[in-house]
Amino acid sequence: MLPLAWIWRVELQWVTLDHPGRGRLPQHNDRIGLIRGDITTLAVDAIVNAANNSLLGGGGVDGAIHRAAGRGLINECRTLNGCDTGSAKITDAYNLPCKKVIHTVGPVYDDLRPERSETALRGCYRSSLELAVQHGLKTIAFSGISTGVYGYPSLDACQVACDTVKQFMDQNGKKLDKVIFVTFEAKDVRSYDSTLPLYFPPD
Ligand code: ADP
């Protein structure tokens, strides 16, 4: 049997993905995916951007998404009046191969008040999934919200992401076909490799 990541690569026509465990069967069920690569290349229904409160672009994945999408994206973002931490807004995707971009604003990790950071991060995943469902988007790829310059510890962020997505999928049945966690750095790959099987055991 082919690894699921390979099957999805064909289905979704994505371009430069590199699953670190190629040759191994990924540890997830058939509605959850884990890939390592550039989220801007994914021909899914929606990608989720780790944006900042201004929604006017920044570094990291936000910068990569704006560069790949072109000027149309920043022009639309200017009309949105920013976004609160823990919330999400949606735009068209312009030159990107996906259909829509969901912009969510993760917390800057506060190690004195980690529970506040967790509440905000849960809000990011939940509000992004709610927006996807409202817009009839079935396949959604998340970047690692807050796990870059916002400093959320990788394993903790991964557990929040998996738990929130699992709760949403349990409650919302078949409204979503697939949720894909997109990792970029080795630390995040390791976090998802160890955490995904706990939340999404293979079918
Ligand atoms: P934040 O400010 O929310 O921490 P960053 O953009 O700094 O956002 O990082 C979020 C995550 O996105 C990090 O895990 C980083 O490794 C990852 N990342 C950076 N560029 C890309 C990309 N092109 N595709 C997918 N993930 C990316």
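The sections below set out a description of the structure shown in this document. What you are looking at is a predicted structure, and each value in this text was computed from that prediction instead of being measured.

## Here we look at the state of the cysteines
Consideration 1: Considering all chains together, one arrives at 0 disulfides under this definition.
Consideration 2: As a non-bridged cysteine, Cys 124 has Cys 83 as the owner of its nearest cysteine sulfur, 8.0 Å distant.
Consideration 3: What makes Cys 124 buried here is its relative accessible area of 0%.

## Digging into the site of the ligand
Consideration 1: Surveying the vicinity of the ligand reveals 16 residues, the closest of which are Val 61, Ser 146, Thr 147, Gly 148 and Glu 185.
Consideration 2: Here Val 149 contributes a backbone N or O atom positioned 3.0 Å from an oxygen atom of the ligand.
Consideration 3: In the environment of the ligand, an oxygen atom lies 3.3 Å from a nitrogen or oxygen atom belonging to the side chain of Asp 188.
Consideration 4: Element by element, the count of residues in the shell around the ligand is highest for helix 2 (residues 60-69), at 3 residues.
Consideration 5: Here the residues of the shell around the ligand sort into 7 nonpolar, 6 polar and 3 charged.

## Focus: the environment of Cys 98
Consideration 1: Relative to the assigned elements, Cys 98 resides in the loop between strand 3 (88-92) and strand 4 (100-105).
Consideration 2: Sequence separation between Cys 98 and Thr 41 is 57 residues; the distance between their C-alpha atoms is 8.0 Å.
Consideration 3: Those residues within four positions of Cys 98 in sequence are excluded, and the remaining contacts are Leu 42, Ala 43, Val 44, Asp 45, Ile 47 and Ala 93.

## Focus on the packing of aromatic side chains
Consideration 1: Throughout the structure, instances matching the rule amount to 3 aromatic pairs.
Consideration 2: Both rings, one in Tyr 125 and one in Phe 142, keep their centres 4.7 Å apart while their planes meet at 35 degrees; by these two values the pair is tilted. Here Phe 142 lies in strand 5 (residues 139-142) and Tyr 125 lies in helix 4 (residues 114-134), a separation of 17 residues in the sequence. In terms of burial, Tyr 125 and Phe 142 fall into one category: buried.

## Considerations on the environment of Leu 137
Consideration 1: On the secondary structure map, Leu 137 appears in the loop between helix 4 and strand 5.
Consideration 2: By relative accessible area, which is 6% here, Leu 137 ends up buried.
Consideration 3: Along the sequence, Leu 137 and Val 44 sit 93 residues apart, while their C-alpha atoms lie 8.9 Å from each other.

## Regarding the packing of helix 5 (residues 154-172) against helix 6 (residues 186-199)
Consideration 1: Direction vectors running N to C along helix 5 and helix 6 enclose 40 degrees, while the axes themselves pass 9 Å from each other. You can see that helix 5 and helix 6 cross each other, and the crossing is right-handed. For the pair helix 5 and helix 6, the contacting residues are Ser 154, Leu 155, Cys 158, Gln 159, Ala 161, Cys 162, Asp 163 and Lys 166 in the first and Lys 187, Asp 188, Ser 191, Tyr 192, Ser 194, Thr 195, Leu 196 and Tyr 199 in the second.

## Some thoughts on helix 6
Consideration 1: Its 14 residues place the ends of helix 6 20 Å apart at the C-alpha level, agreeing with the 20 Å of an ideal helix rising 1.5 Å per residue.
Consideration 2: The largest bend in helix 6 is about 25 degrees, located at Asp 193, with the proline Pro 197 one to four residues further on.
Consideration 3: Restricting attention to buried positions, one finds in helix 6 the residues Asp 188, Val 189, Ser 191, Tyr 192, Thr 195 and Leu 196.
Consideration 4: Those residues of helix 6 hidden inside the fold are in contact with strand 1 (32-36), helix 4, helix 5 and strand 6 (178-183).

## Details of the sheet that holds strand 5
Consideration 1: Spatially, 1-6-5-2-4-3 is the arrangement adopted by the 6 strands of the open sheet, whose pairing is mixed. Either end of the sheet is taken by a strand with one partner, and the two such strands are strand 1 and strand 3. Neighbour to neighbour, the strand axes of the sheet diverge by 25 degrees on average, direction disregarded.
Consideration 2: Where strand 1 lies against strand 6, 5 bridges are found, and the strand directions are parallel. Counterpart to Arg 36 in the pairing with strand 6 is Thr 183.
Consideration 3: The strands that helix 2 touches are strand 2 (46-51) and strand 4; relative to strand 2, the one it contacts most, it runs at about 130 degrees.

What counts and what doesn't
- Residues numbered from 1 in each chain as written.
- Predicted model: local features only at pLDDT ≥ 70, side-chain atom pairs only at ≥ 80, totals over all residues.
- Heavy atoms only, no water.
- Disulfide = S-S within 2.5 Å.
- Buried < 20%, exposed > 50% of the residue type's maximum accessible area, 1.4 Å probe, protein only.
- Near = heavy atom within 4 Å.
- Polar contact = N/O pair within 3.5 Å; in protein donor to acceptor, adjacent residues only side chain to side chain.
- Helix = DSSP H or I, 4+ residues; strand = E, 2+ residues; numbered from the N terminus.
- Nonpolar A, V, L, I, M, F, W, Y, C, P; charged D, E, K, R; others polar.
- Contact = heavy atoms within 4.5 Å.
- Phe/Tyr/Trp six-rings, centres within 6.5 Å; stacked < 30°, edge-to-face > 60°.
- Axes fitted to C-alpha atoms, helices over the stretch in contact; angles between N-to-C directions.
- Left-handed = near helix turned anticlockwise from the far one by under 90°.
- Expected span 1.5 Å × (residues − 1).
- Bend = angle between axes of the 7 residues up to and from the residue.
- Pairing = 2+ DSSP bridges.

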